[in-house]
Amino acid sequence: MRTEDFKLIKLKHDRIDDLVDLENCSMKTDTTFPLTKDELTRLYEEGYVSYGFENEDSVLISKVGFSKIEDKNYELDVCVHPDYRGGGMGHEIIKQSIDKFLSENPGSDIFLTVHPDNPALRLYERLGFEAIKDDEDYKINQTKNGPRITMDYKKTNK
Ligand SMILES: CC(C)(COP(=O)(O)OP(=O)(O)OC[C@H]1O[C@@H](n2cnc3c(N)ncnc32)[C@H](O)[C@@H]1OP(=O)(O)O)[C@@H](O)C(=O)NCCC(=O)NCCS
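For clarity, every value in this text was computed on a predicted model and none was experimentally measured. (Residues numbered from 1 in each chain as written. Predicted model: local features only at pLDDT ≥ 70, side-chain atom pairs only at ≥ 80, totals over all residues.)

J.: Which parts of the structure should I look at to understand the site of the ligand?
T.: The environment of the ligand is made up of 19 residues, and the closest members are Arg85, Gly90, His91, Pro119 and Leu123. The set of elements that each furnish at least two residues to the shell around the ligand consists of strand 4 (73-80), helix 3 (89-104), strand 5 (109-114) and helix 4 (120-127). Of the residues that constitute the shell around the ligand, the class distribution is nine nonpolar, eight polar and two charged. (Near = placed C-beta within 6 Å. Helix = DSSP H or I, 4+ residues; strand = E, 2+ residues; numbered from the N terminus. Nonpolar A, V, L, I, M, F, W, Y, C, P; charged D, E, K, R; others polar.)

J.: How should I be thinking about the nonpolar core in this particular structure?
T.: Here is a general trend for soluble globular proteins: nonpolar side chains tend to be buried in one another's company. Counting 31 residues, the largest nonpolar core has Phe66, Leu76, Ile110, Leu112 and Met151 as the members making the most contacts within it. Residue assignment for this core shows that the elements contributing at least two residues are helix 1 (16-25), helix 2 (37-45), strand 2 (49-54), strand 3 (60-70), strand 4, helix 3, strand 5 and strand 10 (146-153). Of all the elements, helix 3 adds the most residues to this core, at five residues. In this structure, Phe66 is in contact with Tyr48, Val49, Tyr74, Leu76, Phe101 and Ile110, ignoring residues within four places of it in sequence. (Core = buried A, V, L, I, M, F, W, Y, C linked by C-beta atoms within 7 Å. Buried ≥ 20, exposed ≤ 12 C-beta atoms within 10 Å, placed from the backbone. Contact = placed C-beta atoms within 7 Å.)

J.: How do you make sense of the pairing of strand 5 when you look at a structure like this?
T.: Taken residue by residue, a regular strand's side chains alternate between the two faces of the sheet. Burial along strand 5 is one-sided: Ile110, Leu112 and Val114 are buried, while Asp109, Phe111 and Thr113, pointing the other way, are not. Bridging between strand 4 and strand 5 involves three bridges; their strand directions are parallel. The residue of strand 5 that forms the bridge with Asn73 is Asp109. After leaving strand 4, the chain enters helix 3 and then returns to the sheet as strand 5, a path that is right-handed. (Pairing = 2+ DSSP bridges. Right-handed = clockwise from strand over helix to strand, strands pointing away.)

J.: How should I be thinking about unusual backbone geometry in this particular structure?
T.: Only a minority of non-glycine residues have a phi that is not negative, and only a minority of peptide bonds are not trans. Here the phi dihedral of Lys72 falls at roughly 65°; this positive angle occurs in a residue that is not glycine. With respect to the element layout, Lys72 can be found in the loop between strand 3 and strand 4. A tally of 14 C-beta atoms within 10 Å means that Lys72 is categorised as partly exposed. Here the phi dihedral of Asp135 falls at roughly 55°; this positive angle occurs in a residue that is not glycine. Summarising the element assignment, Asp135 is placed in the loop between strand 7 (133-134) and strand 8 (137-138). You can call Asp135 exposed: it has 5 C-beta atoms within 10 Å.

J.: Can you help me understand helix 3 in this one?
T.: Residues lying three or four places apart along an α-helix face the same way, a consequence of the helix completing one turn every 3.6 residues. Relative to the 22 Å expected for 16 residues at 1.5 Å per residue, helix 3 spans 22 Å between its end C-alpha atoms, a close match to the ideal helical length. Those residues of helix 3 that sit buried are Met89, Gly90, Ile93, Ile94, Ser97, Ile98 and Phe101. Buried residues along helix 3 cover an arc of 150° about the axis, so they all sit on one side. (Expected span 1.5 Å × (residues − 1). Arc of directions from axis to C-beta.)

J.: What is the right way to look at the environment of Asn73 in this model?
T.: Looking at the secondary structure, you find Asn73 in strand 4. The spacing of Asn73 and Ile110 is 37 residues in sequence and 6.1 Å in space, taken between C-alpha atoms.

J.: Help me understand the packing of helix 1 against helix 2 in this model?
T.: Packed helices, taken two at a time, are described by the angle their axes make and the gap between the axes. One can describe the packing of helix 1 onto helix 2 by two numbers: an axis separation of 10 Å at closest approach and a directional angle of 135°. Comparing their axes, helix 2 and helix 1 come out oblique. Crossing hand, helix 1 versus helix 2: right-handed. Side by side, helix 1 and helix 2 meet where Ile16, Leu19 and Val20 of the first sit next to Lys37, Leu40, Thr41 and Tyr44 of the second. Grouping the amino acids of the contact of helix 1 with helix 2 by side-chain chemistry returns five nonpolar, one polar and one charged. (Axes fitted to C-alpha atoms, helices over the stretch in contact; angles between N-to-C directions. Parallel < 35°, antiparallel > 145°, perpendicular 65-115°, else oblique. Left-handed = near helix turned anticlockwise from the far one by under 90°.)

Okay, here's the thing in structure tokens:
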């Protein structure tokens, strides 16, 4: 199945267990921090919005989430099942999810944070995210999850 043929579905809070299963496929490393059930439960209580792709067996294989930081300001997270990586699914689900999210939440700002060594940084740049910079270099913030670069989505449909 081609990535553009997957149909985006909205994931309500009753899909938390499926989201946890998917997150747990990505082991915790220096560059990635899978969301836990407790974290997802709290995020949904605070207005989390999430979309996903399912395979032919209705198993969730990728997701994008938008955590509400404050009114109209959302942080994006993404996870693709390891068996489906490297074939464009990450690109496709981020693109479709942002389009859908902004059509449902017009005027919202979207950002994400990424470890400086995560190769996904270049994927995000191609999708329209821009890193906040100190002069010419990426600005790196030290967080509880280690160093992180913040990237703002620049194509909002305001
Ligand atoms: C990041 C992630 C969503 C990318 O999904 P994907 O389906 O592999 O993405 P795509 O196939 O659309 O794009 C791959 C591109 O992303 C980059 N990339 C992302 N992760 C990569 C990895 N682990 N190894 C190599 N390249 C990677 C490459 O630059 C590649 O670019 P290319 O097309 O020029 O080769 C997926 O690797 C994932 O879920 N990782 C674990 C969780 C994570 O890191 N989340 C992001 C935290 S900020």
